[in-house]
Amino acid sequence: MKNLKSQLNTVSKSLAALAKQVEKLSSQVEAPKAVKKSAAKKPAAVKQTAAKKSAPAGGKTVLDTVFDVIKRSKKGVTVAELKTKTQLDTRQLSNALYKLSKKGMVQAPSRGLYLKK
């Protein structure tokens, strides 16, 4: 019983010390906010947006080429077939399939097989 009381005392003291540290930190965090409000406002930086890329000289984008191969097949196309027919890198092919599926143009009935919706 004495052991339990001493452990509870230790825990209580530790919690009190932690509470003091939290109060100290919260006062330090609140102090800079008051400084920022009184400081003169700087004009907001102009955010540059990326311009949309136009289609390459050939007229077909990566998404177009991948979608064309998928739409020509009736039973669907595997990733391996897409890779050989489009001659794209694995990363490019994966990104194109992700974007086409997000746009709702392609569906994957099973893993690695893609069909036109």
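Nothing here was measured: the structure is a model prediction, and the numbers come from that model. Note on numbering: residues in each chain are counted from 1, in written sequence order. The predicted nature of this model means local features are confined to residues of pLDDT at least 70 and side-chain atom pairs, given and counted, to a pLDDT of 80 or more, with totals for whole chains, interfaces and linings taken over all residues. Water and hydrogen atoms were dropped before computing side-chain values, which therefore reflect all heavy atoms in the structure.

Draft legend 1. Representation of the overall build of the protein chain in the model. Assigned secondary structure in the protein chain consists of four helices and three strands. Going from N to C terminus, the protein chain has its helices and strands arranged as α-α-β-α-α-β-β. The contact criterion used throughout is that any non-hydrogen atoms of two residues lie within 4.5 Å. Long-range pairs, those at least 24 residues apart, make up 49% of the contacts in the protein chain between residues at least 6 apart in sequence. Using a 1.4 Å probe, accessible areas were evaluated by the Shrake-Rupley method; residue-level cover was limited to the displayed protein chains. Here the protein chain has roughly 10,300 Å² of accessible surface; of this, 57% comes from carbon and sulfur atoms. Secondary structure elements are defined from DSSP: runs of H or I of at least 4 residues count as helices, runs of E of at least 2 residues count as strands, and each element is numbered from the N terminus.

Draft legend 2. Main features of the environment of Asn-95. Among the structural elements, Asn-95 can be located in helix H4 (residues 90-103). Along the sequence, Asn-95 and Val-62 sit 33 residues apart, while their C-alpha atoms lie 9.5 Å from each other.

Draft legend 3. Molecular detail of the pairing of strand E3 (residues 113-116). Strand pairing is defined by DSSP finding a minimum of two bridges between the two strands. Of the strand pairs in this sheet, strand E1 (residues 77-78) and E3 are connected by two bridges, and their pairing is antiparallel. For Val-77, the partnering residue across the bridge sits in E3 and is Tyr-114. Bridge analysis of strand E2 (residues 106-110) against E3 gives three bridges, and the strand direction is antiparallel. If you follow Gln-107 over to E3, its bridge partner there is Leu-115. In this structure, the hairpin formed by E2 and E3 is closed by a connection of two residues, where Gly-112 is found at a positive phi of approximately 85 degrees.

Draft legend 4. Just the nonpolar core, in detail. Val-66, Ile-70, Leu-82, Leu-93, Leu-97, Leu-100 and Val-106 are the most contacted members of the largest nonpolar core, which has 14 residues in total. Among the elements of the structure, helix H2 (62-72) and H4 are those that each provide at least two residues to this core. When sequence neighbours within four positions are dropped, the list of residues in contact with Leu-97 reads Val-66, Ile-70, Val-79, Leu-82 and Tyr-114. Throughout this description, the term nonpolar core refers to a set of buried Ala, Val, Leu, Ile, Met, Phe, Trp, Tyr and Cys residues connected via side-chain atoms within 4.5 Å. Accessible area is worked out with a 1.4 Å probe on protein chains only. A residue is then buried under 20% of its type maximum, exposed over 50%, and partly exposed in between.

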